[in-house]
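Remarks on the overall topology
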Amino acid sequence: MNGRLKLFMLFLMMILTVLLTVYVTYAWFNVTKESKPIIITTGSVKQNSHYYVGVDSNYDGFLDKDENDQDIYQEVFQGGFTMQSAIPGQIFTFKLVIINDGTVNGDLSVIMNDITVIGEAEEGVSLLQYFEVSYINPTTSFPIDITLDNRVNNDILLFSELTLLANTGYFEFDFTIKALDTIPTNLGGVQLKILNYIISLVQTDMV
């Protein structure tokens, strides 16, 4: 009986471990010439995410319009967005659309992942301080402006712990990246690259 009890307890602990580690990660990964979104789904938390770049002919922060006077966006399916030949004042506009298709509520977080500089060996941080990401923090409703040299391990946590309700809970996250007016002119040929965005949804309700 003692052996059977230990076996039962071990099996129960395995089941609880699976239930308590429900986690979803969605990211755009840059793999050679082609990259597809990777979705890891466990348990009943599941998300559907889309990444868009605004169409802005002169990069002034005001997007081009379609025939219905709506802002034009292009969906991006491949990682490795690169900004090069940027001039002071240019604004790049982005949008993330995230839907909770699961059966339980989840805490949502978004990370700007693997921010790197190409073409500058020792002074990578010097370029990053001239680019600023701006958005409204959805958990506090406060405007946020962060220069990219504030990255930690090449990443910037944009926000976390935003509750996304079960059964098609929907969230639209808009943000911009701006080349500041103070950007020097001697950085020609240097490229700023953002590999992907990691979108995580962690369940808040027990199943």
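The present account deals with the structure reproduced in this document. (Residues numbered from 1 in each chain as written. Predicted model: local features only at pLDDT ≥ 70, side-chain atom pairs only at ≥ 80, totals over all residues. Heavy atoms only, no water.)

1. Overview of the overall build of the protein chain
Scanning the protein chain for helices and strands turns up 2 helices and 12 strands. When the helices and strands of the protein chain are listed from N to C terminus, the series reads α-β-β-β-β-β-β-β-α-β-β-β-β-β. Relative to its full complement of 207 residues, the protein chain shows a buried share of 40%. For the protein chain, contacts bridging at least 24 residues in sequence account for 72% of all contacts bridging at least 6. Only carbon and sulfur atoms are counted for the fraction: they give 56% of the accessible area of the protein chain, which is about 11900 Å². (Helix = DSSP H or I, 4+ residues; strand = E, 2+ residues; numbered from the N terminus. Buried < 20%, exposed > 50% of the residue type's maximum accessible area, 1.4 Å probe, protein only. Contact = heavy atoms within 4.5 Å. Areas by Shrake-Rupley, 256 points an atom, 1.4 Å probe, with all protein chains shown as cover.)

2. Digging into the pairing of strand β8 (residues 131-136)
Residues in a regular strand point their side chains to alternate faces of the sheet. The buried fraction of β8 is high, at 5 of 6 residues. Of the strand pairs in this sheet, β8 and strand β11 (residues 169-179) are connected by 5 bridges, and their pairing is antiparallel. Paired with Y135 across the strands is F175, a residue of β11. In terms of strand pairing, β8 meets strand β9 (residues 143-147) through 5 bridges, oriented antiparallel. Bridge pairing in β9 links I136 to P143. Between β8 and the antiparallel strand that follows it, β9, lie 6 residues; S141 among them carries a positive phi value of about 65°. (Pairing = 2+ DSSP bridges.)

3. Examining the pattern of salt bridges
Under the definition given, this model contains 3 salt bridges. Between K95 and E172 there is a salt bridge; the shortest N-O distance is 2.8 Å. Of this pair, K95 sits in strand β6 (residues 91-100) while E172 sits in strand β11, and the two are 77 residues apart along the sequence. Accessibility expressed as a relative area gives 11% for K95, which makes it buried. The closest approach of N and O atoms between D174 and K95, which form a salt bridge, is 2.8 Å. (Salt bridge = Lys/Arg side-chain N within 4 Å of Asp/Glu carboxyl O.)

4. Structural notes on the nonpolar core
Core analysis: the biggest nonpolar cluster contains 38 residues, and L108, M112, F131, V133, L148, L158 and F175 have the highest contact counts within it. Within the residue set of this core, elements represented by two or more residues are β3 (47-54), β6, β7 (106-118), α2 (124-128), β8, β10 (156-164), β11 and β12 (191-203). Those residues in contact with V133 that sit more than four places away from it in its chain are M112, I144, D145, I146, L148, L158, F175, T176 and I177. (Core = buried A, V, L, I, M, F, W, Y, C linked by side-chain atoms within 4.5 Å.)

5. Here we look at the sheet that holds β3
Within the open sheet, the 6 strands sit side by side as β4-β3-β6-β11-β8-β9. Their pairing is antiparallel. Pairing within the sheet leaves two strands with one partner each, and these edge strands are β4 (73-75) and β9. In this sheet, adjacent strand axes meet at a mean angle of 25° when their direction is disregarded. (Axes fitted to C-alpha atoms, helices over the stretch in contact; angles between N-to-C directions.)

6. Observations concerning the packing of aromatic side chains
Under the defined criterion, the tally for this structure stands at 10 aromatic pairs. On the basis of an interplanar angle of 20° and a centroid distance of 5.2 Å, the ring pair of F94 and F175 is categorised as stacked. In this pair, F94 sits in strand β6 while F175 sits in strand β11, placing the two residues 81 residues apart along the sequence. Residue F94 shares its accessibility class with F175, and that shared class is buried. (Phe/Tyr/Trp six-rings, centres within 6.5 Å; stacked < 30°, edge-to-face > 60°.)

Distances and angles like these do not, on their own, reveal function.
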